[in-house]
Amino acid sequence: MESASSAAFSLTLRRSVSTKLGEAAAGSGFTRRTTRPSVRVSALSYRKFIQFALDETALHTDLTPSPLQERFTSMKPSEDETEIELLSYKAPKIRLLRSLSIQGSKGLQVLDFAMFPEPEYDLPIFCANFFTAAETNIVVLDLNPLYDVIKHKEYKDKYYEGLMSLGLKYAELLPWGGKLTGESLRFFSPIVIWTRFESSQDTHDVLYSAFVDYLKAWLLLMDLGIRETDASQIIANREAQHRYLTWRAEKDPGYQVLKRLIGETHAKNVVRGFLFDGVDSLGSKMFLDYFPEYRCEGGRVNEKRSMIGKSFATRPWNRKGEFIGKHND
């Protein structure tokens, strides 16, 4: 049964989302601070996404450079026409805000943007993974749940019940992108945008609008978030985030792009030390401790994306955010 505090949080969220997104649609907004670093912007570029995220987040909290910024600023890829840019910040409630962007030849563009909460908060993880090559776009945009929403209904209701209208809006504009493995699904929410489309200015504009609205929704959750004081819950939050990081560091498909551009050693360093920083510090468990079904002979990790063989060709949640995936093959 949903707790009174969780129900109150969800009601506050619904009202706040309606108000904030309504203001945005009407053209109202904040006067932006001018202290954020600028990011070069070009047509059909993901750099304006990064700039908006930095500007908007700075309206809600005080961003300061992460220690990672000194270690990871830019990489020299093997292809002269390719640029790789890495940015990282921290803030109260935000353990890490980080961005990796790639602009390359033949229309290659990549954005991997995320915000991870401090373990004292059970906030979702903001996740934007966009890949463009020639005319093909592959997109994942979500507020990744810290706890599996299929198993943890109270967590789902607390954070996503008030956001379903937002998710439904973009589910129509950016349709489901095809089969998604069951293993991956446990790290996604009912409002996840998983889509594929051919490049066009109109669709790119819709994606930018979705990014803006989802980022504002996450920042609202952050504003409403109350610091946890129960030591056991903080430990649970830390382990849940470490489990997420461990999965992503091992199975993230972007690794292959980085490996081609900067080599295997540098790619592994970026994945574990930057993109999923915390995998080596938030916990001591290894991938096979969390996901023993991937164990191969000799203790190796199976490289397959899926071991259970279950995939979801259509959205496995209904309009209320209820999981219907057992009927979805």
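Residues numbered from 1 in each chain as written. Predicted model: local features only at pLDDT ≥ 70, side-chain atom pairs only at ≥ 80, totals over all residues. Heavy atoms only, no water.

Colleague: Even after reading the chapter, I still don't get the pairing of strand E3 (residues 83-91), so can you show me in this structure?
Modeller: Moving residue by residue along a regular strand, the side chains alternate between the two faces of the sheet. Here strand E1 (residues 64-65) runs beside E3; their pairing, made up of 2 bridges, is antiparallel. From the neighbouring strand, proline 65 faces E3, where its bridge partner is tyrosine 89. The sheet contact formed by E3 and strand E4 (residues 94-103) spans 8 bridges and is antiparallel. Within the sheet, the bridge partner assigned to tyrosine 89 lies in E4 and is leucine 97. Counted along the chain from E3 to the antiparallel partner E4, the turn is 2 residues long, and its residue lysine 93 has a positive phi close to 80 degrees. (Pairing = 2+ DSSP bridges. Helix = DSSP H or I, 4+ residues; strand = E, 2+ residues; numbered from the N terminus.)

Colleague: Sorry if this is basic, but what is going on with empty space enclosed by the protein here?
Modeller: Rolled over the atoms, a probe sized like a water molecule indicates the empty space that remains. According to the stated counting rule, one finds 1 cavity of 30 Å³ or more in the structure shown. Taken as a whole, the largest cavity holds about 30 Å³ of empty space. Lining the largest cavity are Ser45, Tyr46, Arg47, Ser101, Ile102, Gln103, Gln109 and Val110. Elements represented by at least two residues in the lining of the largest cavity include exactly E4 and strand E5 (109-117). If one sorts the elements of the lining of the largest cavity by residue count, E4 sits on top with 3 residues. Of the residues assigned to the lining of the largest cavity, the class counts are 3 nonpolar, 4 polar and 1 charged. (1 Å grid on protein atoms, 1.4 Å probe; cavity = no way out; pocket = protein on both sides within 12 Å on 5 of 7 lines; lining within 4 Å. Points joined across faces, edges and corners; volume = space filled by probe spheres on them. Nonpolar A, V, L, I, M, F, W, Y, C, P; charged D, E, K, R; others polar.)

Colleague: Is there a simple way to think about the packing of helix H9 (residues 254-262) against helix H10 (residues 264-275) in this case?
Modeller: What describes two packed helices is the angle between their axes and the distance between those same axes. Look at H9 against H10: their axes get within 7 Å of each other, and the N-to-C directions meet at 135 degrees. Relative to H10, the element H9 is oriented oblique. At the point where H9 passes H10, the crossing takes the right-handed sense. On the side of H9, the interface is formed by Tyr255, Leu258, Lys259 and Ile262, while H10 contributes Glu264, His266, Ala267, Lys268, Val270, Val271 and Leu275. Of the residues that constitute the contact of H9 with H10, the class distribution is 7 nonpolar, 1 polar and 3 charged. (Axes fitted to C-alpha atoms, helices over the stretch in contact; angles between N-to-C directions. Parallel < 35°, antiparallel > 145°, perpendicular 65-115°, else oblique. Left-handed = near helix turned anticlockwise from the far one by under 90°. Contact = heavy atoms within 4.5 Å.)

Colleague: Looking at this model, I keep getting lost on unusual backbone geometry. Mind explaining?
Modeller: Residues other than glycine predominantly adopt negative phi, and peptide bonds predominantly adopt the trans conformation. Even without being glycine, lysine 106 reaches a positive phi, approximately 55 degrees. Inspection of the secondary structure puts lysine 106 in the loop between E4 and E5. Overall, the relative accessible area of 78% leaves lysine 106 in the exposed class. Although it is not a glycine, alanine 134 adopts a positive phi angle of roughly 55 degrees. Structurally, alanine 134 is set in the loop between strand E6 (125-133) and strand E7 (136-144). (Buried < 20%, exposed > 50% of the residue type's maximum accessible area, 1.4 Å probe, protein only.)

Colleague: How do you make sense of the nonpolar core when you look at a structure like this?
Modeller: Here is a general trend for soluble globular proteins: nonpolar side chains tend to be buried in one another's company. Among the nonpolar cores identified, the biggest contains 95 residues, and Phe113, Phe126, Phe130, Phe211 and Val270 are the most heavily contacted of them. Considering each element in turn, this core owes the most residues, 11 residues, to helix H7 (residues 201-224). Apart from the residues lying within four places of it in its own chain, the contact partners of phenylalanine 113 are Ala53, Leu97, Arg98, Ser99, Phe126, Cys127, Ala128, Phe211 and Leu215. (Core = buried A, V, L, I, M, F, W, Y, C linked by side-chain atoms within 4.5 Å.)

Colleague: Would you explain the layout of surface pockets in this entry?
Modeller: In this structure, the largest pocket encloses a volume near 710 Å³. The wall of the largest pocket is formed by 33 residues, among which Asn129, Val140, Asp252, Pro253 and Gly254 lie closest to the centre. Contributing elements (two or more residues each) for the lining of the largest pocket: E4, E5, E6, E7, strand E8 (180-181), strand E9 (193-198), helix H8 (231-251) and H9. Along the lines of polarity and charge, the residues of the lining of the largest pocket split into 21 nonpolar, 5 polar and 7 charged. The calculated volume of the second largest pocket comes to roughly 530 Å³. As for the second largest pocket, its lining consists of 15 residues, of which Ala249, Glu250, Lys251, Tyr255 and Gln256 are closest to the centre. Here the element with the most residues in the lining of the second largest pocket is H10; it accounts for 4 residues.

Colleague: Would you take a moment to explain the pattern of salt bridges for this structure?
Modeller: For side chains of opposite charge, pairing can occur when their charged atoms come near one another. With the rule as written, the count across this model stands at 14 salt bridges. Note that arginine 227 is salt-bridged to glutamate 120, the shortest N-O span being 3.9 Å. A residue pair is termed long-range when its members are at least 10 positions apart, and arginine 227 in the loop between H7 and H8 and glutamate 120 in the loop between E5 and E6 qualify at 107 residues. (Salt bridge = Lys/Arg side-chain N within 4 Å of Asp/Glu carboxyl O.)

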